[in-house]
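# Descriptive analysis of the structure
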Amino acid sequence: MSIKMNIHSSVRFLVLFSVLSCLSVQLEAQLQVGFYCESCPSAERIVREEVMKGFMNDKGVAPGLVRMHFHDCFVRGCDGSVLIDSTSSNTAEKDSPANNPSLRGFEVIDSAKTRLEAECKGVVSCADILAFAARDSVAMTRGQRYDVPSGRRDGRVSLVSEVFQNIPGFTFNVTRLTQSFANKNLTQEEMVTLSGAHTIGRSHCTSVSNRLYNFSGTNGADPTLDSKYAGQLQQQCPQGSTNSNQVVPMDPVSPFITDVNYYQDVLANKGLFTSDQTLLTDSNTANEVNQNARNQFLWMRKFAAAMVNMGQIEVLTGTNGEIRTNCSVIN
């Protein structure tokens, strides 16, 4: 079956999925599944359509939106603050080296917001649009579909200084990764589960060069990295290159499919980042990696649940925050 046919089948399922969600509203934390069923019934459909347009034009949009949701939630909670543009008096999260140029899909969020403002003015938050878009991106890359509890409101603060304080780094070891997720009330198991998002997307060479040329030995690569894979990466990311646009897939086997190849890569010492390969250095996280690598359906279920939990980090609800008219600008 072609990728195009799979995508359209996924879209038909998502339409039915959204209808069923509206028929059975459930309360989770401070958010609700089907929050917009009465105030803006077409909200999730519009977001899905814009994600589809972006994905058909550039498959890299899907992993970009998943990563954007993650980076939004880990800084000030899931409040859409990563979408805010910098001003002459403030440098925003979006312009942190951790986000620019690695995040993609801002235009998808903007397009969805424009349509939603025309359909239901002042109703749907940018934070919810991003959460819906991340869910739809997972589904369009053949991952498990899941309900997204919504009702988030948008934050009014976005500071570049807060990004590196909160986003787990690609050089982190297991201890630092575990603590970073614990700071957001996520478990170590959820950390390993969400690391599987690296099964889709790409990385700039600047994020992996630390593993390719800084070690003693014949090729200068990290000895925990498979030597053949290290050689391939060195060809793709030449030492001393000044081309900031050079990228490599995070999962070279299936970079646009949400699957467990990521965990199989880690077991084969082909985890792209230090933060990937370090999962084998602890018995508990190594066991999780092995379990996920063997059982794709189990991991997909855990990933869907972990995405829902992550999407509820420090959310603004009720009268807190605002509903931005333009996702890149505070009202």
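Residues numbered from 1 in each chain as written. Predicted model: local features only at pLDDT ≥ 70, side-chain atom pairs only at ≥ 80, totals over all residues. Heavy atoms only, no water.

Where an unreviewed UniProt entry is consulted, the protein chain appears under the name Peroxidase, with the organism given as Spinacia oleracea. Annotation of the protein chain in UniProt includes, under Catalytic activity (unreviewed entry), the sentence "2 a phenolic donor + H2O2 = 2 a phenolic radical donor + 2 H2O". In UniProt, the protein chain has this text filed under Subcellular location (unreviewed entry): "Secreted". (UniProt positions renumbered as here; feature names shortened; annotations may be inferred.)

The helix and strand inventory of the protein chain stands at 13 helices and four strands. By principal-axis analysis of the C-alpha atoms, the protein chain measures approximately 65 × 50 × 35 Å. When each of the 331 residues of the protein chain is scored for burial, the buried share is 55%. Residue pairs at least 24 apart in sequence account for 74% of intrachain contacts in the protein chain once pairs closer than 6 positions are excluded. For the protein chain, the exposed surface amounts to about 14500 Å²; the carbon and sulfur share of it is 51%. (Helix = DSSP H or I, 4+ residues; strand = E, 2+ residues; numbered from the N terminus. Buried < 20%, exposed > 50% of the residue type's maximum accessible area, 1.4 Å probe, protein only. Contact = heavy atoms within 4.5 Å. Areas by Shrake-Rupley, 256 points an atom, 1.4 Å probe, with all protein chains shown as cover.)

Note that side chains of opposite charge can pair when their charged atoms are close. Inspection of the entire model under this criterion finds 15 salt bridges. Ionic pairing is found between E49 and R45, a salt bridge with its closest N-O pair at 3.0 Å. With E49 and R45 both in helix α2 (residues 43–57) and four residues apart, this pair spans about one turn of that helix. Linking E288 and K302 is a salt bridge whose minimum nitrogen-to-oxygen distance equals 3.0 Å. Taken together, the positions of E288 in helix α12 (residues 283–294) and K302 in helix α13 (residues 296–310) put the pair 14 residues apart, joining distant regions of the chain. Each member of the pair, E288 together with K302, is buried. The structure contains a network of salt bridges with shared partners spanning R45, E49, E50, K53 and R115. (Salt bridge = Lys/Arg side-chain N within 4 Å of Asp/Glu carboxyl O.)

For the rest of this paragraph, the subject is the UniProt feature "binding site: Ca(2+) 1" (unreviewed entry) in the protein chain. In the UniProt entry, the feature "binding site: Ca(2+) 1" (unreviewed entry) is given for D72, V75, G77, D79, S81 and E93. What stands out for the annotated residues spanning 22 residues is how close their C-alpha atoms remain, the widest pair being 12.6 Å apart. Along the chain, G77 turns up in the loop between α3 (61–74) and α4 (106–119). Residue class for G77 comes out buried when judged on its relative accessible area of 0%. Turning to its location among the elements, S81 is positioned in the loop between α3 and α4. Take S81: its relative accessible area is 0%, and that puts it in the buried class.

Let's shift gears to the state of the cysteines. This structure, assessed with the given rule, holds four disulfides. Through a disulfide, C40 is tied to C120; the S-S separation comes to 2.1 Å. A torsion of 75° about the S-S bond marks the disulfide between C40 and C120 as right-handed. With C40 in the loop between β2 (31–32) and α2 and C120 in the loop between α4 and α5 (126–140), this pair connects stretches of sequence that are 80 residues apart. (Disulfide = S-S within 2.5 Å.)

This part is about the side chain of K302. Its relative accessible area of 15% is what places K302 among the buried residues. At a separation of 3.0 Å, a polar atom in the side chain of K302 contacts the side chain of E288. If we skip the residues at most four places from it in the chain, K302 touches E189, T193, E288, Q291 and N292. (Polar contact = N/O pair within 3.5 Å; in protein donor to acceptor, adjacent residues only side chain to side chain.)

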